[in-house]
Amino acid sequence: MSLALPLVGAGTVLGTGPSLAAGASDDESERLARWKEIQKSIFGDKTIAPTDSLVTIDAPVRALDASLVPITLTMPEKDKVAGVHLIIDDNPSPYAAHVTFGPGAEANELKLRVRVNNYTNIHAVVETKDGRLFETTKFVKASGGCSAPMGMSDEEAMKGMGDMKMKFAESQPGQPVEATLMIRHPNFSGMQMNQITRDYTPARYINKIAISRGGQTILTLDGDISIASNPVLNFALKPDGQGPIQVVASDNQNGRWEHSFPAPSATN
């Protein structure tokens, strides 16, 4: 699946009707109107019901670094969840990520880091295994995350692109195994200015991560420019998997990287 909503200027969103300007002073009715526009552009006429039990968002009320905002999605009723969509309403390209969980996943929690470009609502939309959609919202205060420079040259930022590491938390026998995947990639947004040439660096970002074990899918993430540079993804896998964990990542300029990680056994 591609998240290829056209990139628009900062402070606007996509939709079939008039574009609604985003601002820190917007009231709830303006934010709701913007969400309805985005919702239709992504989900069409599908009904999305509010929920306080299927998914929650943990994020800072005010981001310390708008280019590196930690997000935790918690899904208490994990056995009902097929996937989750993350939308950052006031980002230039709001559709940040779509994660689909496979049979090897323990879909109770997912952590990632994103860019936030404006004071905005962040929506998590869960898709249940029976095809229904449910959403929750978190308001985050941040500014300029999509255009923030990386503090180094483009060449330096691209060194080692595609290198991966994976860490595992200690787990008890028979319990889910928590993993942290780290991928070196600048995830250029297309809005960042090269501090030497004063030109905008072309967008280059990871648009797909596929994680599996023994031929069994753990999860697939489709991403866009809102994912922070050097992506970090925390997830959990079921303890009964066999063999190493395989990761395949690709970006929007046809870069492709594969890596295999030996996984600890939690069944002994």
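Residues numbered from 1 in each chain as written. Predicted model: local features only at pLDDT ≥ 70, side-chain atom pairs only at ≥ 80, totals over all residues. Heavy atoms only, no water.

Caption draft 1: Focus on the sheet that holds strand 9 (residues 164-168). Strand order in this open sheet of six strands is 2-3-6-13-10-9, and the pairing throughout is antiparallel. Edge positions in the open sheet fall to strand 2 (56-58) and strand 9, since each of these has one partner strand only. Strand-to-strand twist of the sheet, defined as the mean angle between neighbouring strand axes without regard to direction, takes the value 20°. As judged from the six bridges shared by strand 3 (residues 69-74) and strand 6 (residues 109-114), these two strands associate in the antiparallel manner. From the neighbouring strand, Pro70 faces strand 6, where its bridge partner is Arg113. (Pairing = 2+ DSSP bridges. Helix = DSSP H or I, 4+ residues; strand = E, 2+ residues; numbered from the N terminus. Axes fitted to C-alpha atoms, helices over the stretch in contact; angles between N-to-C directions.)

Caption draft 2: Spatial organisation of unusual backbone geometry. Unlike most non-glycine residues, Asn230 shows phi in positive territory, near 50°. Judged by relative accessible area, which is 25%, Asn230 ranks as partly exposed. The backbone phi angle of Asn254 is positive, close to 70°, even though this residue is not glycine. Here Asn254 is to be found in the loop between strand 14 (245-251) and strand 15 (256-261). (Buried < 20%, exposed > 50% of the residue type's maximum accessible area, 1.4 Å probe, protein only.)

Caption draft 3: Structural context of the environment of Ala203. Relative to the elements of secondary structure, Ala203 occurs in the loop between strand 10 (177-183) and strand 11 (206-213). Placed 11 residues apart in sequence, Ala203 and Gln192 show a C-alpha to C-alpha distance of 8.7 Å. The residues touching Ala203, leaving out its near neighbours within four places in the chain, are Phe188, Ser189, Gly190, Asn252 and Gln253. (Contact = heavy atoms within 4.5 Å.)

Caption draft 4: Local environment of the confidence of the model for the chain. Per-residue pLDDT for the chain averages 90, and the proportion of residues at 70 or more is 89%. Scored below 50 in pLDDT, residues 5-19 makes 40 contacts in the model with residues more than four places away or belonging to other chains. (pLDDT = per-residue confidence, 0-100.)

Caption draft 5: Examining the nonpolar core more closely. Counting residues in each nonpolar core, the largest one holds 50 residues, and the members touching the most others are Ile71, Leu181, Ile211 and Phe235. Beyond its immediate stretch of four places on either side in the chain, Ile71 contacts Ile57, Asp58, Ala59, Leu86, Leu110, Lys111, Leu112, Val114 and Ile122. Counting nine residues, the second largest nonpolar core, distinct from the first, contains Ile42, Phe43, Tyr95 and Leu133. (Core = buried A, V, L, I, M, F, W, Y, C linked by side-chain atoms within 4.5 Å.)

Caption draft 6: Local environment of the pairing of strand 7 (residues 120-128). The buried count for strand 7 comes to eight of nine residues, which makes it a mostly enclosed element. Linkage of strand 7 to strand 8 (residues 133-140), two consecutive antiparallel strands, is achieved through a turn of four residues, within which Gly131 is found at a positive phi near 90°.

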